[in-house]
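Given next are the chains, with one letter for each unit.
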Amino acid sequence: MRMNELFRKNSRATICMLLMVMYFAMPVVPASGNTRHRLNVFYAMAFEKVITGRVTGEDGTALPGATVIVKGTGIGTTTDSDGRFTLSVPDNAETLVISFVGYTVEEIVIGTQTVVNVTLRDDQKTLSEVLVVGYGTQRKSDFVGAISSVKGSELALLPMQRADQALQGRAAGVMVVNTDGSPGGNTTIRIRGSNSINGNNSALIVIDGLQGGDFKSLNPNDIESIEVLKDASATAIYGSQGANGVILVTTKKGRTGPPVFNYNFSIGAQQLRKKLDLMNAVQFANTTNDFRATQDANGPLPPRFTPQDIAGFAANGGTDWQNEIYRNGAMQNHQLSISGASDKVSYLVSGGYLDQKGIVINSAYKRYSLRANVNVDINKWSTFGLSLAATKEIGNAPPFGEGAGIVDPLGQTTGTAPRWAPTVPVRDALGAYILQHPSGYGAANSWNPVASALEPVVENNTARNMINTFLEFRPLKGLSLRISGGAIIQNTNNYRYFNSLTYAGASAAPSPGDAQVESGTYARYQNTNQLTYNKEVGRHHITVTAVAEQTIQNTKNYLFRGTGYADDITGVNDFGSAALVTGSSSVIKRVLNSYLGRVNYVFASKYALTASYRADGSSVFGANNKWGYFPSVGAAWSASEERVIKDLNLFSTLKLRGTWGITGNQSINPYQTIAQLTSIDGDGNANKYPYDGLGSSQPAYILAVPANNLKWESTTQYNVGLDAGFFNGRVNATVEFYKKTTKDLLLGRTLPSLTGYTSRIDNLGSMQNKGIEISIAGNPLIGEVKWSTGLTFSANRSKVLNLGELSTIEFRTTTGGGYNFSNSGRALMNLKVGHPLGEMTGYGVVGTWGTSEAEVARTFGQLPGDQKFEDVNKDGKIDAKDLKVIGQALPKFIFGWTNQILYKNFSLNLLIQGTYGNNLFNGGRVRLEAPGEGTSTALLNRWTPQNQDTDVPAFTKQSVRTAAALPSPTVTARLLSRTDNRLSRYVENASYIRLKNITLGYNLPASVIGSRISKLRVYVSAANLLTITKYNGYDPETSSFNNNDARAGIDFSNYPTAKTYMFGIDLTF
Amino acid sequence: MNTILNSIGHRFKTRPLFVLLLICFAGCEDLNEKPVGIATPATFYNSIPQCEAALAGSMSTLWGWYVAPGYGSGDGLSSWFSNDDQLEGGDLNIESDHASGLWTAHYKALANINSLLHAVKNGSLATYPPEEIDKIVAQAKFLRAFNYFYLVRMFGDLPLITEDTPDPVNTPITKRTSVAEVYDLIVSDLTFAMTTIPSKTDLGGATPGRPTSGAAKGLLAKVYLTMATAPLNITGNYAKAASLAKEIIDGGEYALIPNIWEVFLKSNKYGSEAMWSFNSSEDDPQTDENIGKPDEIDGYGGEQVAMYFDTTFAHQPRRDAYLLRYALEDNAPNPPDTILYTTAFDTGLPFIRKLYNEPYITLDEGFGGSSANWFILRYADILLIYAEAANRVNGAPTQDAVDAINQIINRANGTTGKEAVATIGMTMQVFEDKVIQERSWELCFELGDRWFDLIRKRILDKAIAANGLPTALVNFTPDDYLFPIPTFDAKTIGQNPGY
């Protein structure tokens, strides 16, 4: 039954309905002192006038479910399926407010009209004209800098769990990498490459003006828009925090009208994208026997597997370890919001719940989120706003990646599962785990993958509260003073327990059991006092912004570890039963005092000039460098406003922009400029030594060198951009060129070690990034089938200009577990002056020696079938002089292609995204293809006299090798003994094109859903459905070592990215 | 609600200037850092426990280099003492970064010790009685002497930094001090320590890991013996070494552990033979027993014993106690087990059993960390110092000297008698050769002792030749008696010849 019918036909229902409307309208009762408004509630009982009308979009289509309300009252209705409405109003009603989600709000003065037809404009177009920029908003046409903007309404059409994933492929110059696929997993965002070597390269995230936000705990449904500030003119206003770009997130506010309820629900499943190609039990058993037969230096050894064993495997199959640890992970997402506004108060309350099970057994993630945004116009010249956001995340996943940094890879399920022999069962006949791999073949010493996944208790809790308030005064026309205070308070409680059935727990000292609690509080307080003056005189438009700001960050962290548990049950919950408890804590504080100003000047909407200046005083800088200064200037010329261009009738927009500015990176840890005695060693462990020789170790304090002149890393950036619109705005293109030079990079300066120190951190290096970004958007079809599409393309080139006294810095990755591609003096990832970031160094593999090459092989001390290495300098030896660049972790370019196709009530959204020209070092293959232990089918393709065209070396009998009486090998021993595995063989092309997201939606017609529901959309969606890549690992979008960008590009025991399928509904009423 | 908002609005409306004053709240928070969670040298060293924590820190910096990676092991290319004739792999191609990690670790330890001595000298402990202050200063000096003793033998002339040296970061050191002057400081520090630190008996086992007067005396005896040989060759110091060693022997505080299998037992880490060591404890076990163990039993497989060392080692129980020659079965009691290293281990070479610590250790324990100590000085060394020094002083073996070395030999032989004992009838040279040989066996793999014997006796080439290592002999030059100064430091203080 329709609402207007209700009103007419059933008086009791009418009263009930009215009471409901009044109830919801109550908080919307205007805050004005005007008594007439209050009286309106009572007048509402007497309808004296009936107004009818129709609400349509700009193209004339009906807007069913639009809200029509008498301004200042709770009286209202919604339009029917044809966009029509009938509303009885009091005769003194003055204004109708008509609103619809995604469209602008219109106010119509009633006067004597009884028929009111209204056309609403698409909100998106309106919004695109105003950009949120740092400390304010600006008309897009006046903006001089480089910015990428993504609207929340676009995101809503492509469901995803994380807002940062939404930037992938959509914003030119922004590279988003899902470094692992665990639920609630990690993402790195790099805007225009990486500026810093040892500092932070993450963009500053500002949520509604509050700096230091985090995408992880942001509910994507709450986002109104995301703007990415890329060039220095845009980011210099953030001074010492602006060098890596700034991401501004604006959350949704209530819109004028009665309350709008929105409920969103989706349910889905995740699936491993692909399995690694591994041998079955029979193949493995045979291969193992084949290898064992070659170990005959002291006479033949009996085979590992008997023919009976092998017959058994053939009959019963073996263990598929990948199947044992991977599953289809279910997820569901609920989202409910209520929003609305009167002319004085707007409000939005939104709650979300995400429950996700990962594709690895025993991994899951839950997120609860709540947001409340309230704005109140106190009077005509002052406004008050309050925004609260609270999230709680609970996540767990068995340890993966980063090698020994987390848990030794021998105990990481994602790394060991493919390595375990298919001949080994998960459990023995009695049902107990086979904890360690049987020795002598396969992944000896490594830990049962299923036990490694199921037995660790991991619970990571993060609760984040964000509060942001402001008072804004507009004492004079054009002048506003905004005083805001905000805080981000984050509490982390991570619990881990590795029991005696886990690698870490069994190897704990004292043994068994290893319990860890990490507890931390991070608080960031920000006070911003902003004065803005906006004046238009004739064709001159000037905006002046001045800000005094202060930020204080306090961090407290506690870490406790207990080992030696008699009882595995209580574990981390009972530190009292641990034989040994150790702990550490830290308290740090950093302060930033800032003053900044900006002037925007626009003449005749044609010429725009922006200049900004920021002074940052930071506590972490050295005593001589407490203050840093960050200027910027930029200019734009809207050529399309010139008559000459206008007359061409070609461009709807043509704008040329140019900017310059300096930004900083203050990612120096506090207290580095002070001499210290530290009891914490480089790995973050308590430094202890039992000096007395009694039972327990005592604290040991060691001097740390002060670096008293430290200052910010500074980036100078030039940007030139061109915006062009054609065909009346149906096609818009933007091209940006930039060049950034970062100097004063924080690097270690070597000290003579006789001083007691080896190096101290100093501002030494410099680095360059330059690139091009292109975005094109258009609406190729605008008829019955509407197609809008957007393409982004970005290419960045980095170059290390100076590393201080060094020409190379090697970046080691803590693998452990015998992978041997990163040791001192033998690091895969190296940073070299004159070379780009992300370069991999190693030995070239040019296949294997063929039988016809026996004589040449002999000169290297090798036999046919042995690995043939590239002798770069042709000196007949394979040694360190033959090292060369074998891979590049960073792509030559990245691209994204978004499409939306609308037909009647159907919508199809597609996001295709990818990278080109990047490599991954497939670290897992080092062990998966190791002779005598590997499980990879690559070993089936090993060299034999019949199969010589392969890069997998032969299994050669020791006796044959001895009999060949070869000269001593000229290949360095580390290559022969596999203690240096930096081989080009493991470097793979990781370019990919991926159907990142495809969503098919259907808006149920009003005739089905009735008028009480304004929108009901059902959709099916898939993420990562299709990926085209040559990469052989689980997924080309991965990176295992992310604490420094110079370590990117290694795939090692990581949690694979999954495919996701979802079904959802989106309901608005 | 309306009323409140109205009144706020009204108030602001009437006093807009008041609003503008709010901006003045943005006062500056102090930009000077005042850390509460970290200690700074300006406020530290104010109590005895703080000073001990700094001394613990100085040991801790070395510990990793000598014990955690273990004897002879380095990270990557440099096995510090692999060029002696005990370990496999040395070829006397000593690279420019050889032992630079040890240089760094010792100087780091010295920086911590000197910082403490500097603070104490300036009265940081003024509230303590002078004898308490002396005790901590004496321990610091003991540790300083220990560090310089190792440095001066490896690197020769040294940058000599004491508590009076200006901060070397801001006042760079450009010159090295001669070996003789370095020894002057070592002797002076140890003499002070020897007479100030309480003895093992005085401590009564309360703090068994700390330096004692006995340890200081023993170290000084070793210092004198070294000074009596190359490069200083102050032969007068033989007498001083002999006399100090004799005092220790006669003092009765120390004695050999009778059973050769029990010398390196964890339970004996503060036993009768222990004089001073790198300490390890149950709650932070750092001695790494995987070093010197083959891959087959979860070891790192890196430090292999040269095969000739095993074959020429007297075939006595000590050989099996100190060398890992068999694949051990679980909970293996004593060798001989069945399979010798030539076939048991992939490398075909024996490994080091001393580091393995427990003959009865269960193999499941083999995850690395061990709470065993790693001896820096033990009584067996004192007996051999005495034997060598007394022989020299007398020009021939004395009965006491013979008795001293025979204590070692008899324990090593058990009941086998496989190694001939020393006799009073030997010539000085024959006896001395036997002592040096005995040191090689008894003190093998202990903090480079063999290397230091080879260089102080200038017999590196002879030892290599005798042991049939032609590839190493080709590379021998007298420059090998000193390690290179680390490259970066050498830029300002100069390099040793040959590098």
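Parameters at a glance
Residues numbered from 1 in each chain as written. Chains lettered and ligands numbered in written order. Predicted model: local features only at pLDDT ≥ 70, side-chain atom pairs only at ≥ 80, totals over all residues. Heavy atoms only, no water. Helix = DSSP H or I, 4+ residues; strand = E, 2+ residues; numbered from the N terminus. Buried < 20%, exposed > 50% of the residue type's maximum accessible area, 1.4 Å probe, protein only. Contact = heavy atoms within 4.5 Å. Areas by Shrake-Rupley, 256 points an atom, 1.4 Å probe, with all protein chains shown as cover. Rg over C-alpha atoms; globule rule 2.2 N^0.38 Å. Lys, Arg positive; Asp, Glu negative; His and termini not counted. Charge placed at Lys NZ, Arg CZ, Asp CG, Glu CD. pLDDT = per-residue confidence, 0-100. Axes fitted to C-alpha atoms, helices over the stretch in contact; angles between N-to-C directions. Parallel < 35°, antiparallel > 145°, perpendicular 65-115°, else oblique. Left-handed = near helix turned anticlockwise from the far one by under 90°. Nonpolar A, V, L, I, M, F, W, Y, C, P; charged D, E, K, R; others polar. Buried area = accessible area lost by both parts, 1.4 Å probe. Salt bridge = Lys/Arg side-chain N within 4 Å of Asp/Glu carboxyl O. Expected span 1.5 Å × (residues − 1). Pairing = 2+ DSSP bridges. Core = buried A, V, L, I, M, F, W, Y, C linked by side-chain atoms within 4.5 Å. Phe/Tyr/Trp six-rings, centres within 6.5 Å; stacked < 30°, edge-to-face > 60°. Lys NZ or Arg CZ within 6 Å of the ring centre and 35° of its normal.

1. A closer look at the overall build of chain B
For step 1, the next point in the chain: The helix and strand inventory of chain B stands at 19 helices and 6 strands.
For step 2, the next point in the chain: Relative to its 499 residues, chain B shows a buried fraction of 60%.
For step 3, the next point in the chain: Relative to all contacts within chain B whose residues are 6 or more apart in sequence, the contacts with residues 24 or more apart total 71%.
For step 4, the next point in the chain: For chain B, the computed accessible surface area is about 18,800 Å², with 55% contributed by carbon and sulfur atoms.

2. Digging into the overall build of chain A
For step 1, the next point in the chain: From N to C terminus, chain A includes 18 helices and 53 strands.
For step 2, the next point in the chain: Scaling as 2.2 N^0.38, a compact globule of 1069 residues should have a C-alpha radius of gyration of about 31 Å, and chain A matches this with 33 Å.
For step 3, the next point in the chain: Referenced to the eigenvectors of the C-alpha coordinate spread, the extents of chain A come out at roughly 110 × 70 × 70 Å.
For step 4, the next point in the chain: In chain A, buried positions account for 55% of the 1069 residues.
For step 5, the next point in the chain: For chain A, restricting intrachain contacts to residue pairs at least 6 apart in sequence, the fraction spanning at least 24 positions comes to 69%.
For step 6, the next point in the chain: Surface exposure of chain A reaches about 42,100 Å², of which carbon and sulfur atoms provide 57%.
For step 7, the next point in the chain: Placing the 99 positive and 82 negative side-chain charges of chain A at their respective mean positions leaves the two points 4 Å apart.

3. Regarding the confidence of the model for chain B
All names here are of chain B.
For step 1, the next point in the chain: When the pLDDT values of chain B are averaged, the result is 85; 85% of them are 70 or greater.
For step 2, the next point in the chain: Here helix H2 (residues 16-21) is the element of chain B with the lowest mean pLDDT, 45, and helix H8 (residues 213-228) is the one with the highest, 98.
For step 3, the next point in the chain: Across residues 68-78, confidence stays below pLDDT 50; counting only partners more than four residues off in sequence or on other chains, it has 38 contacts.
For step 4, the next point in the chain: Every residue in residues 360-366 scores below 50 in pLDDT, and together they form 18 contacts with partners more than four places removed in sequence or on other chains.

4. Focus: the packing of helix H13 (residues 379-394) of chain B against helix H15 (residues 428-442) of chain B
Residues and elements named next belong to chain B.
For step 1, the next point in the chain: Where H13 meets H15, the axes come as close as 9 Å, and the angle between the chain directions of the two elements is 165°. Viewed along their axes, H13 and H15 adopt a mutual orientation that is roughly antiparallel. Crossing handedness for the pair H13 and H15: left-handed. Listed contacts from H15 to Ala 380, Asp 381, Leu 384, Ile 385, Ala 387, Glu 388, Asn 391 and Arg 392 of H13 are Met 428, Phe 431, Glu 432, Val 435, Ile 436, Glu 438, Arg 439 and Glu 442.
For step 2, the next point in the chain: Looking at the contact of H13 with H15 residue by residue, the class counts come to 8 nonpolar, 1 polar and 7 charged.

5. What to know about the interface of chain B and chain A
For step 1, the next point in the chain: Chain B puts 76 residues into the contact, and the matching count from chain A is 74 residues.
For step 2, the next point in the chain: In total, about 6,400 Å² of surface goes out of reach between chain B and chain A, with carbon and sulfur atoms giving 63% of it.
For step 3, the next point in the chain: Linking chain B with chain A are 1 salt bridge, by the criterion used here.
For step 4, the next point in the chain: Between Arg 210 of chain B and Asp 692 of chain A there is a salt bridge, with its nearest N and O atoms 2.6 Å apart.

6. Observations concerning H13 of chain B
All names here are of chain B.
For step 1, the next point in the chain: With 16 residues, H13 ought to run about 22 Å at 1.5 Å a step, and its terminal C-alpha atoms sit 22 Å apart, in line with that.
For step 2, the next point in the chain: Among the 16 residues that make up H13, 13 are buried, leaving the element largely enclosed by the rest of the structure.
For step 3, the next point in the chain: Gly 395 lies just past H13 and shows a positive phi near 75°.

7. What about the sheet that holds strand S1 (residues 49-57) of chain A?
Neighbouring strands of a sheet are bound in pairs by backbone hydrogen bonds; such pairs are parallel or else antiparallel.
All names here are of chain A.
For step 1, the next point in the chain: One open sheet accounts for 3 strands, arranged S4-S1-S7; its pairing is mixed. Only two strands of the sheet have a single neighbouring strand rather than two, namely strand S4 (84-89) and strand S7 (115-120). Within the sheet, the average angular offset between the axes of one strand and its neighbour, ignoring direction, is 25°.
For step 2, the next point in the chain: In this sheet, S7 lies alongside S1 in parallel orientation, the contact comprising 6 bridges. Each residue of the ladder has a partner; that of Gly 57, found in S7, is Leu 120.

8. Quick notes on the sheet that holds strand S38 (residues 808-811) of chain A
Residues and elements named next belong to chain A.
For step 1, the next point in the chain: Strand order in the open sheet formed by 4 strands is S38-S41-S42-S45, and the pairing between neighbours is antiparallel. Looking at strand neighbours, the two that pair on one side only are S38 and strand S45 (884-888), the edges of this open sheet. With direction set aside, neighbouring strand axes in the sheet form an average angle of 45°.

9. Description of the confidence of the model for chain A
All names here are of chain A.
For step 1, the next point in the chain: Per-residue confidence for chain A gives a mean pLDDT of 88; residues scoring 70 or more make up 94%.
For step 2, the next point in the chain: Averaged pLDDT values over the elements of chain A bottom out at 38 in helix H3 (residues 35-43) and peak at 97 in strand S49 (residues 987-989).
For step 3, the next point in the chain: For residues 1-45, every residue scores under 50 in pLDDT, and the model assigns this stretch 54 contacts once sequence neighbours within four places are set aside.

10. What to know about the nonpolar core
For step 1, the next point in the chain: Membership of the largest hydrophobic core comes to 152 residues, with the highest contact counts inside it found for Phe 142, Tyr 148, Ile 186 and Phe 278 of chain B.
For step 2, the next point in the chain: No other element matches the 16 residues that helix H5 (residues 130-155) of chain B contributes to this core.
For step 3, the next point in the chain: In this structure, Met 279, Phe 305, Tyr 326 and Ala 453 of chain A belong to the second largest nonpolar core, which totals 40 residues.

11. Quick word on the packing of aromatic side chains
For step 1, the next point in the chain: Summed over the entire model, instances satisfying the criterion amount to 53 aromatic pairs over all chains.
For step 2, the next point in the chain: Look at Phe 821 of chain A and Phe 1052 of chain A: their rings are 6.0 Å apart centre to centre, the planes differ by 80°, and that puts the pair in the edge-to-face class. One end of the pair, Phe 821 of chain A, is in the loop between S38 and strand S39 (822-823); the other, Phe 1052 of chain A, is in the loop between strand S52 (1050-1051) and strand S53 (1058-1068), and 231 residues separate them in sequence.
For step 3, the next point in the chain: Here a set of aromatic residues connected by ring pairs shows up, and it is made of Phe 142, Phe 146, Phe 149, Tyr 150, Tyr 183, Trp 276, Phe 278 and Phe 452 of chain B.
For step 4, the next point in the chain: Directly above the aromatic system of Phe 452 of chain B lies the positively charged group of Arg 153 of chain B, at a separation of 3.8 Å from the ring centroid.

12. Topic: the packing of H5 of chain B against H8 of chain B
Residues and elements named next belong to chain B.
For step 1, the next point in the chain: Between H5 and H8, the shortest axis-to-axis distance is 11 Å and the interhelical angle comes to 25°. As summarised for this structure, H5 and H8 are arranged roughly parallel, according to the angle between their axes. Between H5 and H8 lies a crossing whose hand is left-handed. Along the contact surface, H5 presents Phe 142, Phe 146, Phe 149 and Arg 153, while H8 presents Ala 215, Ala 216, Leu 219, Lys 222, Val 223 and Thr 226.
For step 2, the next point in the chain: In terms of residue class, the contact of H5 with H8 is made up of 7 nonpolar, 1 polar and 2 charged.

13. A closer look at unusual backbone geometry
For step 1, the next point in the chain: Of note, the bond from Ser 511 of chain A into Pro 512 of chain A is cis; its omega dihedral lies within 30 degrees of zero at -10°.
For step 2, the next point in the chain: When you line up the elements, Pro 512 of chain A lands in the loop between helix H12 (503-506) and strand S24 (514-537).
For step 3, the next point in the chain: A cis amide bond links Ala 230 of chain B with the next residue in sequence, Pro 231 of chain B, at an omega value of 5°.
For step 4, the next point in the chain: In this structure, Pro 231 of chain B sits in the loop between H8 and helix H9 (237-251).
For step 5, the next point in the chain: In the Ramachandran plot, Tyr 45 of chain B falls in the positive-phi region, its phi being about 65° despite a non-glycine side chain.
For step 6, the next point in the chain: Its place among the elements puts Tyr 45 of chain B in the loop between H2 and helix H3 (48-66).
For step 7, the next point in the chain: Look at Tyr 45 of chain B and you get buried, because its relative accessible area is 1%.

14. Notes on the side chain of Ser 697 of chain A
For step 1, the next point in the chain: In this structure, Ser 697 of chain A sits in the loop between strand S31 (688-689) and strand S32 (698-699).
For step 2, the next point in the chain: Under the relative-accessibility criterion, Ser 697 of chain A is labelled buried at 7%.
For step 3, the next point in the chain: Those residues in contact with Ser 697 of chain A that lie beyond four places of it in its chain are Lys 688, Tyr 689 and Pro 690 of chain A together with Ser 281, Asp 283 and Asp 284 of chain B.

15. Examining the pairing of strand S28 (residues 627-638) of chain A
Residues and elements named next belong to chain A.
For step 1, the next point in the chain: Along S28, the buried face is formed by Gly 628, Phe 630, Ser 632, Gly 634, Ala 636 and Ser 638; none of Trp 627, Tyr 629, Pro 631, Val 633, Ala 635 and Trp 637, which line the opposite face, is buried.
For step 2, the next point in the chain: Here strand S27 (residues 607-618) pairs with S28 via 11 bridges, running antiparallel. Opposite Tyr 607, over in S28, you have Trp 637 as the bridge partner.
For step 3, the next point in the chain: Sheet analysis places S28 next to strand S29 (residues 651-665), joined by 7 bridges and oriented antiparallel.

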